[in-house]
Amino acid sequence: MWGSGSSKHVRRVVGGIVVGAALTAAAISAAPANAALQGIAVDTLPGYGSSANGSSNYNLYGAGCAYTLSVIVGDPKSAKSTLRVTSTRAGRTVTIYNAKPATVEVTPIWRPSAPGRYVLTANLDGVVKTRTVDVGTGVQLPQFIRNGACFVLPIY
C-alpha cells in the first residue's frame with residue numbers, strides 16, 4: 001500500500017513539520033521584550049470650584065492638593081529600567097516616582113507646589129509620555145468634606 005519510497009516521503013514530511021514548529025517556537029520566544037509604556041494621566045478630577053461661572057480657571061488643578069496619577073505599563077515584568085515619573089514647572093523638575101514597575105498601573109501621588117503650567121513626564125526603557133496640566137491656587141478640604149476634594153480659587 002505504501003510502496004518502496006513512501007517511508008522516505010513520510011520522514012521528510014514529518015521532519016519538515018518538526019523543523020517548522022521549532023522555528024516558529026524560536027521566533028515567538030525570541031521576540032523582543034518591551035515594557036510598552038502606554039501613557040500618563042491624572043486620575044483625580046480637577047478641583048471643586050474650578051468651573052465656577054465667569055471664572056477663567058476651568059479644568060484647573062490646585063496647588064497644595066494631592067492627586068493620584070495613573071501610569072500604564074503594558075508588561076511591567078519586561079521593564080529593563082526603572083519607571084521615572086517627574087513634574088516640571090518653570091524649569092524645575094521634581095521626581096515623583098522612581099522604581100521598577102511591579103504592576104500594569106502605577107499610581108503615584110502628585111502634589112503641585114505652586115500655581116502654573118506643569119508637564120508630567122513618565123519615562124521607561126527610553127519611551128517617554130507627557131501630559132501638560134494647569135494648576136491654580138488650591139485648598140485641600142478635610143476628608144469629611146467632599147471626600148477631601150481640592151477647592152481651586154476662581155480667577156476672574
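Note that the structure is predicted; figures quoted are calculated from it, not measured. (Residues numbered from 1 in each chain as written. Predicted model: local features only at pLDDT ≥ 70, side-chain atom pairs only at ≥ 80, totals over all residues. Heavy atoms only, no water.)

Draft legend 1. Molecular detail of the pairing of strand 4 (residues 83-89). Two strands pair when backbone bridges link them, and strand 4 and strand 5 (residues 92-99) are joined in this way by seven bridges, in the antiparallel orientation. Across the sheet, the residue bridging to V85 is Y97, located in strand 5. Where strand 4 folds back onto strand 5 in an antiparallel hairpin, the turn is made up of two residues, including A90, whose phi is positive at roughly 55 degrees. By the bridge criterion, five bridges tie strand 4 to strand 8 (residues 116-124) in an arrangement that is antiparallel. Residue pairing across strands places T86 opposite T121, the latter belonging to strand 8. (Pairing = 2+ DSSP bridges. Helix = DSSP H or I, 4+ residues; strand = E, 2+ residues; numbered from the N terminus.)

Draft legend 2. The arrangement of the pattern of salt bridges in detail. Taken as a whole, this structure holds one salt bridge when the rule is applied. Salt-bridge contacts for D134 lead to R117; the nearest nitrogen and oxygen are separated by 2.8 Å. Taken together, the positions of D134 in strand 9 (residues 127-140) and R117 in strand 8 put the pair 17 residues apart, joining distant regions of the chain. Given a relative accessible area of 29%, D134 falls into the partly exposed group. (Salt bridge = Lys/Arg side-chain N within 4 Å of Asp/Glu carboxyl O. Buried < 20%, exposed > 50% of the residue type's maximum accessible area, 1.4 Å probe, protein only.)

Draft legend 3. The arrangement of the nonpolar core in detail. Core analysis: the largest hydrophobic core is formed by 25 residues, its most contacted members being V42, V71, L83 and W110. Not counting chain neighbours up to four residues away, the residues in contact with L83 comprise L37, V71, V73, Y97, N98, A99, K100, P101, V106, A122, N123 and L124. (Core = buried A, V, L, I, M, F, W, Y, C linked by side-chain atoms within 4.5 Å. Contact = heavy atoms within 4.5 Å.)

Draft legend 4. Geometry of unusual backbone geometry. A positive phi angle, close to 55 degrees, is found at A90, a residue other than glycine. Tracing the sequence through the fold places A90 in the loop between strand 4 and strand 5. Relative accessible area serves as the criterion here: at 71%, A90 is assigned to the exposed category. Phi at D125 is positive, roughly 50 degrees, even though this residue is not glycine.

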